[in-house]
Amino acid sequence: MSIVALITDFGLSDEYVGVMKGVILSVNPSASIIDITHSIPRHDVIAGALCLERSFKYFPEKTVFVVVVDPGVGGERRPIIVCSSRRVFIGPDNGVMTPVLDGADVFLIERGWLKDVSSTFHGRDIFAPVAGLVSKGVSFKKLGRRIHDPVVLRIPKPEVKGTKICGEIIHIDAFGNAITNISKDIFEKFTGAFVIEIGEIKFYKISKSYSDVEVGKPVCVWGSSFTLEIAVRDGSAADKLDVKKGDKVVVKFD
Amino acid sequence: MSIVALITDFGLSDEYVGVMKGVILSVNPSASIIDITHSIPRHDVIAGALCLERSFKYFPEKTVFVVVVDPGVGGERRPIIVCSSRRVFIGPDNGVMTPVLDGADVFLIERGWLKDVSSTFHGRDIFAPVAGLVSKGVSFKKLGRRIHDPVVLRIPKPEVKGTKICGEIIHIDAFGNAITNISKDIFEKFTGAFVIEIGEIKFYKISKSYSDVEVGKPVCVWGSSFTLEIAVRDGSAADKLDVKKGDKVVVKFD
Amino acid sequence: MSIVALITDFGLSDEYVGVMKGVILSVNPSASIIDITHSIPRHDVIAGALCLERSFKYFPEKTVFVVVVDPGVGGERRPIIVCSSRRVFIGPDNGVMTPVLDGADVFLIERGWLKDVSSTFHGRDIFAPVAGLVSKGVSFKKLGRRIHDPVVLRIPKPEVKGTKICGEIIHIDAFGNAITNISKDIFEKFTGAFVIEIGEIKFYKISKSYSDVEVGKPVCVWGSSFTLEIAVRDGSAADKLDVKKGDKVVVKFD
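All of these numbers come straight from a predicted model, not from anything done at the bench.

Caption draft 1: Up close: the overall build of chain A. Tallying secondary structure elements over chain A gives six helices and 15 strands in all. By its C-alpha atoms, chain A is 60 × 35 × 35 Å across when sized along the principal axes. By the burial criterion, 64% of the 254 residues in chain A qualify as buried. Partitioning the intrachain contacts of chain A with sequence separation of at least 6 by distance along the chain shows that 65% fall at a separation of at least 24. For chain A, the accessible area works out to roughly 10,200 Å², and carbon and sulfur atoms hold 51% of it. Within chain A, one finds 33 positive and 31 negative side-chain charges whose respective centroids are separated by 5 Å.

Caption draft 2: Region of interest: the relation of the copies chain C and chain A. Under the fitted operation, chain C is carried onto chain A by 0.0 Å of movement along the axis and a turn of 120 degrees, and the coordinates agree to an RMSD of 0.0 Å. Read as a symmetry element, the transformation amounts to a three-fold axis. For chain C, the residue whose C-alpha comes nearest the rotation axis is S32 of chain C, separated from it by 4.7 Å. When the interface residues of chain C are mapped onto chain A, a mere 3% of them are again interface residues, pointing to distinct binding faces.

Caption draft 3: Just the packing of aromatic side chains, in detail. According to the stated counting rule, one finds 39 aromatic pairs over all chains in the structure shown. Seen from their ring centres, F187 of chain B and F194 of chain B are 5.0 Å apart, and the 85 degrees between their planes marks the pair as edge-to-face. One exposure class covers both F187 of chain B and F194 of chain B, and it is buried. Ring-pair connections join several aromatic residues into one group, and the members of that group are F187, F190, F194, W222 and F253 of chain A. One Lys or Arg, R42 of chain A, reaches over the ring of F175 of chain B and ends 4.5 Å from the middle of that ring.

Caption draft 4: Expanded view of unusual backbone geometry. Residues and elements named next belong to chain B. Of note in this structure, R86 is not a glycine but carries a positive phi near 60 degrees. A positive phi angle, close to 60 degrees, is found at F226, a residue other than glycine. By the element assignment, F226 lies in the loop between β13 (218–222) and β14 (227–232). Classification of F226 as partly exposed rests on a relative accessible area of 25%.

Caption draft 5: Structural context of helix α2 (residues 45–55) of chain B. Counting buried positions along α2 of chain B yields nine of eleven residues, so the element is predominantly enclosed. When we look at burial in α2 of chain B, the residues that qualify are V45, A47, G48, A49, L50, C51, L52, R54 and S55 of chain B. Contacts from the buried residues of α2 of chain B go to α1 (16–27) of chain A together with β1 (3–8), β2 (32–37), β3 (64–68), β5 (87–92) and β9 (164–172) of chain B.

Caption draft 6: Representation of the pattern of salt bridges within the structure. All names here are of chain A. Applying the stated rule across the entire model yields 46 salt bridges over all chains. For K245, the salt bridge is made with D44, and the minimal N-O distance between the two is 3.1 Å. Highlighted residues: K245 in the loop between α6 (237–240) and β15 (248–253) and D44 in the loop between β2 (32–37) and α2 (45–55), separated in sequence by 201 residues. You can call K245 partly exposed: its relative accessible area is 43%. Here D44 falls in the partly exposed class, since its relative accessible area comes to 22%.

Caption draft 7: Up close: the interface of chain C and chain A. Listed by partner, the interface residues are 30 residues for chain C and 32 residues for chain A. Remark: the boundary between chain C and chain A carries one salt bridge. In this structure, E15 of chain C engages R54 of chain A in a salt bridge whose closest nitrogen and oxygen atoms are separated by 2.6 Å. The tally of links from chain C across to chain A stands at 15 residue pairs in polar contact (both at pLDDT 80 or more). The greatest single-element share of the side of chain C that touches chain A, amounting to eight residues, is contributed by helix α1 (residues 16–27) of chain C.

Caption draft 8: Spotlight on the interface of chain C and chain B. Residue-level contacts link 32 residues of chain C with 30 residues of chain B. A combined buried area of about 2,600 Å² lies between chain C and chain B, and 59% of that area is made up of carbon and sulfur atoms. On the chain C side of the interface with chain B, the three residues burying the most area are Y58, F175 and S224 of chain C, jointly 24% of the side's total. One can count one salt bridge joining chain C with chain B. Along the contact surface separating chain C from chain B lie 15 residue pairs in polar contact (both at pLDDT 80 or more).

Caption draft 9: Representation of the side chain of R77 of chain C in the model. Residues and elements named next belong to chain C. Note on placement: R77 falls in the loop between β3 (64–68) and β4 (79–84). For R77, a relative accessible area of 15% puts it in the buried group. In this structure, R77 is in contact with D70, G72, P92, D93, H122 and F127, ignoring residues within four places of it in sequence.

Caption draft 10: Quick peek at the sheet that holds strand β7 (residues 144–147) of chain B. As summarised here, the arrangement of the seven strands in space is β2-β1-β3-β5-β4-β6-β7 (chain B), forming an open sheet in which the pairing is mixed. Two strands bound the open sheet, and with one partner strand each, they are β2 and β7 of chain B. Going from strand to strand, the sheet's axes swing by 25 degrees on average, the running direction of each strand aside. Inspection of the sheet shows strand β4 (residues 79–84) of chain B paired to β5 of chain B by six bridges, in the antiparallel sense. Counterpart to S84 of chain B in the pairing with β5 of chain B is R87 of chain B. On the sheet, α1 of chain A packs against β1 and β2 of chain B and is oriented at approximately 145 degrees with respect to β2 of chain B.

Quick notes on the rules
Residues numbered from 1 in each chain as written. Chains lettered and ligands numbered in written order. Predicted model: local features only at pLDDT ≥ 70, side-chain atom pairs only at ≥ 80, totals over all residues. Heavy atoms only, no water. Helix = DSSP H or I, 4+ residues; strand = E, 2+ residues; numbered from the N terminus. Buried < 20%, exposed > 50% of the residue type's maximum accessible area, 1.4 Å probe, protein only. Contact = heavy atoms within 4.5 Å. Areas by Shrake-Rupley, 256 points an atom, 1.4 Å probe, with all protein chains shown as cover. Lys, Arg positive; Asp, Glu negative; His and termini not counted. Charge placed at Lys NZ, Arg CZ, Asp CG, Glu CD. Least-squares fit on C-alpha atoms with pLDDT ≥ 70 in both. Phe/Tyr/Trp six-rings, centres within 6.5 Å; stacked < 30°, edge-to-face > 60°. Lys NZ or Arg CZ within 6 Å of the ring centre and 35° of its normal. Salt bridge = Lys/Arg side-chain N within 4 Å of Asp/Glu carboxyl O. Polar contact = N/O pair within 3.5 Å; in protein donor to acceptor, adjacent residues only side chain to side chain. Buried area = accessible area lost by both parts, 1.4 Å probe. Pairing = 2+ DSSP bridges. Axes fitted to C-alpha atoms, helices over the stretch in contact; angles between N-to-C directions.

See the structure below:
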């Protein structure tokens with residue numbers, strides 16, 4: 001069975017996501033369609049790209065991802081297929097594909113659209129039917145032509161400055177955990193004592209799990225993407241520590 | 001694989017929708033179950049009907065739709081199967097099926113229920129098992145008898161008065177876009193200059209896409225259902241223009 | 001097709017649930033994955049247990065349930081498989097499995113994990129891959145060893161005191177209906193006139209359905225779990241009657 005996985009900013013209160021699934025199944029009735037999330041903040045292309053980056057590797061090879069955070073729908077931006085990491089990514093060429101563009105084959109989508117294409121819902125009219133076709137094995141070349149200049153966005157990455165790692169909070173999850181972009185790989189290039197600073201908040205150790213501290217207390221752990229995560233045990237770091245997306249996080253080694 | 005598509009006002013925070021799926025799969029383990037939406041405003045039968053109208057044609061033929069917006073559950077209203085447009089629709093006979101009743105075959109559901117039927121959850125006890133049976137190919141006649149008087153509700157339609165089209169906003173989507181019931185078909189019966197009025201707001205043109213205007217500016221486009229849609233680029237028309245469901249929209253031609 | 005059903009407190013706004021599904025499908029591409037709910041109140045293990053209790057019997061035998069309400073993730077609590085009622089339940093050993101422990105076979109999960117196990121997301125790293133394996137038919141014994149001391153939590157049960165049944169509200173659903181733990185089975189052990197009291201609110205009868213009363217009026221019915229439910233017709237009992245989870249409900253027989 002072919003898997004089609006969806007990331008959008010459509011929310012679930014309208015019929016939009018359901019209708020996209022109807023179109024995919026009209027083209028490929030045996031597709032297995034999985035929601036990654038539809039709660040990307042509206043029009044936040046970078047947030048969509050970061051979500052894609054955190055999730056795609058956990059899906060099987062050959063999965064077809066449809067990634068629609070598309071404020072420019074109906075305008076000049078191009079619809080594309082990205083073939084990368086043995087998976088396929090379909091969506092607008094507005095930078096949302098940035099995390100999977102490295103070494104990728106990219107195709108402009110020129111065919112495979114629904115007959116009537118609206119100017120406001122290419123998720124349904126272009127990306128869904130093309131995902132159905134690709135998941136059925138239709139070759140990219142039948143759907144369009146190769147391009148070499150996809151849009152690349154700056155994804156916030158940590159910087160190393162001497163013995164400091166300067167990163168930031170890139171996501172607050174629904175638990176109120178603050179996810180940073182400081183990975184274990186970068187951290188482990190240093191040794192010795194350190195302090196982690198987010199504004200006035202300081203951590204002198206990275207705990208093994210949330211439950212290493214008392215309920216209600218702040219804790220710094222390696223999170224699920226193996227980056228530094230600031231949490232409050234059984235509570236919300238966003239609320240209790242007043243941290244938010246974009247806040248600077250600095251690790252200073254002795 | 002047989003497709004069962006769900007529209008309800010149950011929300012996703014309780015186990016209700018999941019349990020309906022469990023029942024469907026207990027009857028037909030190979031059903032592919034798709035959520036259209038579960039966020040129809042509570043007890044809003046017209047909103048459910050409009051959602052059904054906007055979505056069903058995008059699903060394959062033979063799809064079995066379960067549409068449960070059912071404030072009269074457990075009372076006198078009848079459970080029905082509607083066979084229409086080469087698709088099947090299962091739910092309460094309270095008018096939610098109005099958009100698919102034209103030329104339809106309608107059956108009262110008399111059999112196929114769970115053994116214990118509650119008075120509060122026919123989605124689980126009647127509609128889900130019957131959807132499982134229908135999706136497996138059980139004939140309608142085995143499940144009940146034909147009826148000829150299903151409940152029809154008045155769906156708000158635009159009226160043409162001389163050179164004016166008088167419609168209304170029928171839905172505010174999660175982006176804050178205001179969807180009207182004025183279709184391209186009706187609009188194109190007229191020619192010449194026009195003004196579109198929603199209260200004090202006026203549009204003199206229909207833009208090709210949201211990105212035809214600057215960020216934060218109002219724009220009128222043909223929306224995803226090919227009806228007039230009032231939007232704000234990268235923003236919410238509902239918030240910025242203070243428009244809401246039920247507001248009158250008038251197109252005046254010269 | 002093997003069915004995997006999910007209950008978590010992860011919400012749907014992050015990619016967490018989608019990523020769990022990606023892992024399950026990576027292990028068992030033909031799994032049919034169903035969401036029961038992901039809106040268990042954060043870290044509320046009892047609420048998760050009650051949701052499981054209300055839902056599991058509506059799923060086919062052999063369904064594999066993944067139940068992740070797991071405030072102790074990464075700490076000392078054990079990951080377990082519970083084999084009970086001809087179904088399988090996978091999750092943390094923190095009491096969330098209480099409703100299915102009676103007469104169950106319980107196994108500690110020692111193998112079948114992802115290669116890199118985070119300390120914050122065992123839903124993805126332990127429970128999802130093990131669910132994939134179990135749904136493919138891998139025997140429990142290959143995944144771990146039998147244990148005999150799973151954690152049991154006190155689930156609130158009604159007490160009979162003379163001619164009184166003393167229960168409580170155990171859940172407010174998204175409609176605002178107040179679900180109690182007083183079952184029809186217990187109620188029917190008594191006969192004669194009765195009064196149902198929730199604080200100052202009194203009911204002298206159990207109605208057949210919501211529509212037995214006028215719109216906006218309070219009504220007491222047998223709810224979908226065949227326990228007493230306090231509702232307001234076409235409205236919210238939680239809002240209009242000011243009732244909440246934990247409120248005492250007493251049935252007094254003459």
